[in-house]
Structures are given as C-alpha cells and as structure tokens.
Amino acid sequence: MKSDQKFKIRPIGIIRTGFKDKSSAPVQGAFTDAAPGYVEIFDEFSEGLKDIDGFTHIYLIYVFDRAGNVQLVRKPFLDDTPRGLFSTRHPCRPNSIGITVVRLTGRSGRFLEIEGIDVLDGTPLIDIKPYIKRFDSFPDASEGWLENVEAREKPENRE
C-alpha cells in the first residue's frame, strides 16, 4: 500500500448538537453525559438502523470537518505537555476521522436521540457501530500518559 493511496468515504448522515463552535464543545462526551443531540441518517441508509434500538450505547464515526492544521506533536486539551498526536484524541488528524461513544436514548424512524455527544453541530457521520460490552470493554487496559490526568475545561485558544 502506498502512503498516497486515497479512499472514498461518503457521509451516511449528520450529527446535530447544541455546539455551534469549537470553544463550546466539551473535551470528551464522557465528561458531559447529559449533552443531548440527535443523529439524522440519510434516507438511503435508514434501513441499516434495523435492530439498533436494543443497544444502550453506540459508536459514532465521523469527520472532523472543521479541524485545524495537523501537528504530529502538540499539547492535548487535558495536559500542558506536548504529546504525540497518536497518543491523543485531538481532532486535528491526518485523516480527520473521529470516534465517540454515546448513549442511545431513543429512535424515531431515521433519527436517533443521543446523550453524551462532544462534536459540533452539522458534523458529517460516516458510520455507526454498536457498543458491545463483552467486545469493547477492557477494565485492565492502561491509559498511558492519561492514567492520572484529571478532567478539566478546554484551555482557551488551543485547538
């Protein structure tokens, strides 16, 4: 595989939230469980929502469509020490792909009601996967440099 290989990815829907700009969005959705939002799935993909109602949590995979410049080493939101980009969840990434786990609180046709969302309103959604506790939970996993880092507000003027 060549490093200049390109892939086609198209949105399957739009994520709707109350966050209109980067400064208003939380660092992580887990810090704001009550942050409500909804997902609008495009008609052509709505059949794929069959059976999603039985899950309490889902992964949303999306495009960081308003992220800034990529820096391979930068200060993350939760720390003031420069870290390697791939050891963070910073939005400014080479492929601008984001992932978050949200609580699925309801469904009405092609619309999913969610909580614990941390993305900007109008973010393009590229996939949904169910969170499955027995596959996705690793209680003994290490958190690397984040092991003892406390949650905090996003520092001003830091993207």
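Residues numbered from 1 in each chain as written. Predicted model: local features only at pLDDT ≥ 70, side-chain atom pairs only at ≥ 80, totals over all residues. Heavy atoms only, no water.

Remarks on the overall build of the protein
Helices and strands together make up the secondary structure of the protein, namely one helix and eight strands. Along the chain direction, N to C, the helices and strands of the protein fall in the order β-β-β-β-β-β-β-β-α. At a minimum sequence separation of 6, the contacts of the protein that also span at least 24 residues come to 79%. On the protein, roughly 10,500 Å² of surface is accessible, and the fraction owed to carbon and sulfur atoms is 51%. (Helix = DSSP H or I, 4+ residues; strand = E, 2+ residues; numbered from the N terminus. Contact = heavy atoms within 4.5 Å. Areas by Shrake-Rupley, 256 points an atom, 1.4 Å probe, with all protein chains shown as cover.)

Quick look at the pairing of strand β1 (residues 13-17)
Among the five residues that make up β1, four are buried, leaving the element largely enclosed by the rest of the structure. Bridging between β1 and strand β2 (residues 36-41) involves five bridges; their strand directions are antiparallel. Considered in β2, the bridge of I15 is made with V39. The pairing of β1 with strand β8 (residues 123-130) spans three bridges and is antiparallel. Following the sheet pairing, G13 is matched in β8 by L125. (Buried < 20%, exposed > 50% of the residue type's maximum accessible area, 1.4 Å probe, protein only. Pairing = 2+ DSSP bridges.)

Things to note about the environment of P82
Among the secondary structure elements, P82 is positioned in the loop between β4 (73-74) and β5 (83-84). Separated by 10 residues in sequence, P82 and L72 have C-alpha atoms that sit 9.7 Å apart. Aside from chain neighbours lying at most four places away, what touches P82 is V73, R74 and K75.

What to know about the nonpolar core
Judged by nonpolar contacts, the single largest core of 21 residues is most densely connected at I58, L60, L112, I117, L125 and I128. Broken down by secondary-structure element, the contributors of at least two residues to this core are β2, β3 (57-63), β6 (97-108), β7 (111-115) and β8. In terms of residues, this core owes the most to one element, β3, which gives three residues. Sequence-distant contacts of I58, that is, excluding residues within four places in its chain, are made with I52, T100, V101, V102, L104, L112, I128, K129, P130 and Y131. (Core = buried A, V, L, I, M, F, W, Y, C linked by side-chain atoms within 4.5 Å.)

Side note on unusual backbone geometry
Generally, phi is negative for residues other than glycine and the peptide bonds are trans, each holding for most cases. Even without glycine at this site, D51 takes up a positive phi of about 75°. By the secondary structure assignment, D51 is in the loop between β2 and β3. Overall, D51 belongs to the exposed group, its relative accessible area being 54%. Of note, S96 is a non-glycine position whose phi angle comes to about 50°, a positive value. You can see S96 is positioned in the loop between β5 and β6.

Comments concerning the pattern of salt bridges
What the rule picks out here adds up to nine salt bridges. The shortest N-O distance in the salt bridge between R16 and E40 comes to 4.0 Å. In this pair, R16 is assigned in strand β1 and E40 in strand β2, connecting sequence segments 24 residues apart. What makes R16 partly exposed here is its relative accessible area of 28%. Taking the shortest distance from any N to any O, the salt bridge between R66 and D65 comes out at 3.2 Å. You can call R66 partly exposed: its relative accessible area is 33%. Sharing partners across several salt bridges, the network here consists of R16, E40, D43 and R110. (Salt bridge = Lys/Arg side-chain N within 4 Å of Asp/Glu carboxyl O.)

Regarding the pairing of β2
Relative to β7, β2 runs antiparallel, the two sharing five bridges. Note on β7: the bridge partner recorded for P36 is E115.

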